[in-house]
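Survey of secondary and tertiary structure
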Amino acid sequence: MTASGVEQRQTDRSDLGSAAAYIAELRMAINGLGLLDLAERNLGTAHADIEDVLCQTRKAAAVMLETAESLLGSCATGQAYKSLVEQRMIGLIEASGFQDLTGQRLCRIVHSLHAIEERLRLFAAHVQAQDGELRLGTHELARKARAMEQMLAGPGAPGAMTQDGIDELMRLAG
Amino acid sequence: MALDTSIPILVVDDYQTMVRIIKNLLKQLGFEDVDDAADGAAALGKLKEKKYGLVISDWNMEPMSGYDLLRHVRSDDGLRSTPFIMVTAESKTENVIAAKKAGVNNYIVKPFNAQTLKAKIEAVVGT
């Protein structure tokens, strides 16, 4: 082997060594994300927590509406009406308890999101990540396209107006 | 301002609790003839079957949004004069302008109170 051949071989070996070290480092960073832990303990319970919050808030709203409807539609007067109001108010007080459990569940979801965010930030810093072109799934693409086409931003989005602002805009628009 | 509480009203919202809230508020205002639909497509079906004096619709619904419902109503010769109030959480300037351009009569942002609903209905169908 010539001198230059030996030199080239040493360079290749060095490059391969660097690549292997980078891959090992990357593997450590990926393992550090704790993907299985995120999927099972954070995201897994978040689904169940959110579903329960939806269910509990829906039930509480139903109790409140039933209470209002029964009182507004009642023909009772005097003592009978007072008893009905008292009985229904107890129901409202009981229904208010939903906030305790839903609050705890929402706190857990918030903690999970913080944990995911922190791990992703650490990972991104570790591998010196830079955002390239986003690769979105068909569901997310369709959702984004519909949101754009139908101007769906949801409550309290940036640029949101108050009722007074909307009234003024409607007036100006004639 | 006087309100003709005999007019039939169609409430369009995919969230049953909101339908119930609006129907209760309308009942308190004296409106008895109130129907509901869960999205724009269902609402169009009802609008073709019965003459409504007012449509109160959410914006964000699937498959047909309230915005598309409004545009359908305004492009239909038989429906175009139906008063239409949008009741929605979508409160960006461009939404309000787009709805106004599409022919909405009034625009209420959620969460709203009974007084706001009453005032907007009076402004649209009051005599």
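None of these values were measured; they are calculated from a predicted model. (Residues numbered from 1 in each chain as written. Chains lettered and ligands numbered in written order. Predicted model: local features only at pLDDT ≥ 70, side-chain atom pairs only at ≥ 80, totals over all residues. Heavy atoms only, no water.)

This paragraph deals with the packing of helix H2 (residues 35-72) of chain A against helix H3 (residues 78-95) of chain A. Residue and element names in this part refer to chain A. Two elements in contact, H2 and H3, have axes whose closest approach is 9 Å; the angle formed by their N-to-C orientations is 170 degrees. As far as their axial angle goes, H3 and H2 are roughly antiparallel. Here Ala60, Val63, Met64, Thr67, Ser70 and Leu71 of H2 lie close against H3, whose contacting residues are Tyr81, Leu84, Val85, Arg88, Met89, Gly91, Leu92 and Ala95. Within the contact of H2 with H3, the residues separate by chemical class into ten nonpolar, three polar and one charged. (Axes fitted to C-alpha atoms, helices over the stretch in contact; angles between N-to-C directions. Helix = DSSP H or I, 4+ residues; strand = E, 2+ residues; numbered from the N terminus. Parallel < 35°, antiparallel > 145°, perpendicular 65-115°, else oblique. Contact = heavy atoms within 4.5 Å. Nonpolar A, V, L, I, M, F, W, Y, C, P; charged D, E, K, R; others polar.)

A separate point is the confidence of the model for chain A. Scored by pLDDT, chain A has a mean of 90; 99% of the residues are at 70 or more. In the model of chain A, helix H1 (residues 3-33) of chain A stands out as the element of lowest mean pLDDT, 89, in contrast to helix H6 (residues 163-172) of chain A, which has the highest, 94. (pLDDT = per-residue confidence, 0-100.)

Glancing now at the pairing of strand S5 (residues 106-109) of chain B. Along a regular strand, successive side chains alternate from one face of the sheet to the other. Residue and element names in this part refer to chain B. Neither face of S5 is open: one carries Asn106 and Ile108, the other Tyr107 and Val109, and all of them are buried. Examined bridge by bridge, strand S4 (residues 84-88) and S5 share four bridges and lie parallel to one another. In the strand pairing of S5, methionine 86 is matched with tyrosine 107. Taking the sense of rotation as the criterion, the β-α-β connection linking S4, helix H4 (residues 93-102) and S5 turns out right-handed. (Buried < 20%, exposed > 50% of the residue type's maximum accessible area, 1.4 Å probe, protein only. Pairing = 2+ DSSP bridges. Right-handed = clockwise from strand over helix to strand, strands pointing away.)

In this structure, Val12, Leu47, Leu69, Phe84 and Tyr107 of chain B are the most contacted members of the largest nonpolar core, which totals 30 residues. Looking at this core, the elements with two or more residues in it are H6 of chain A together with strand S1 (9-12), helix H2 (40-49), helix H3 (66-75), S4, H4 and S5 of chain B. Excluding anything up to four places from it in sequence, leucine 47 of chain B contacts Leu10, Tyr52, Val55, Leu69, Val73 and Leu79 of chain B. (Core = buried A, V, L, I, M, F, W, Y, C linked by side-chain atoms within 4.5 Å.)

All right, on to the interface of chain A and chain B then. Each partner contributes residues to the interface: chain A has 28 residues there, and chain B has 34 residues. Approximately 2400 Å² of surface area, both sides summed, lies buried where chain A meets chain B, with 57% of it carried by carbon and sulfur atoms. Linking glutamate 66 of chain A and arginine 20 of chain B is a salt bridge whose minimum nitrogen-to-oxygen distance equals 3.9 Å. In this assembly, chain A and chain B are joined by 14 residue pairs in polar contact (both at pLDDT 80 or more). Elements with a contribution of two residues or more to the side of chain A that touches chain B: H2 and H6 of chain A. (Buried area = accessible area lost by both parts, 1.4 Å probe. Salt bridge = Lys/Arg side-chain N within 4 Å of Asp/Glu carboxyl O. Polar contact = N/O pair within 3.5 Å; in protein donor to acceptor, adjacent residues only side chain to side chain.)

Residues and elements named next belong to chain B. Per the counting criterion, the structure on display carries two aromatic pairs over all chains. Where tryptophan 59 meets tyrosine 67, the ring centres are 4.9 Å apart and the plane angle is 10 degrees; that geometry is what we call stacked. Classification of tyrosine 67 as buried rests on a relative accessible area of 10%. Each residue in the set Trp59, Tyr67 and Tyr107 is aromatic and connected to the rest through ring pairs, giving one cluster. (Phe/Tyr/Trp six-rings, centres within 6.5 Å; stacked < 30°, edge-to-face > 60°.)

Helix packing geometry: the angle between the two helix axes and the distance between the axes. At their nearest, the axes of H2 of chain A and helix H1 (residues 16-29) of chain B sit 11 Å apart, and the two run at 15 degrees to each other. One way to sum up the angle between H2 of chain A and H1 of chain B is to call them roughly parallel. As for the relative orientation of H2 of chain A and H1 of chain B, their crossing is left-handed in sense. Taken together, the residues of H1 of chain B that come into contact with H2 of chain A (itself represented by Arg58, Ala61, Ala62, Leu65, Glu66, Glu69 and Leu72 of chain A) are Thr17, Arg20, Ile21, Asn24 and Gln28 of chain B. Classifying every residue of the contact of H2 of chain A with H1 of chain B by side-chain character gives five nonpolar, three polar and four charged. (Left-handed = near helix turned anticlockwise from the far one by under 90°.)

Residues and elements named next belong to chain B. Here lysine 51 lies in the loop between H2 and strand S3 (54-57). The class for lysine 51 is exposed, based on a relative accessible area of 59%. Sequence spacing of lysine 51 and isoleucine 9 is 42 residues, and the spatial spacing of their C-alpha atoms is 9.1 Å. Other than its neighbours up to four places away in sequence, lysine 51 contacts Pro8, Gly78 and Ser81.

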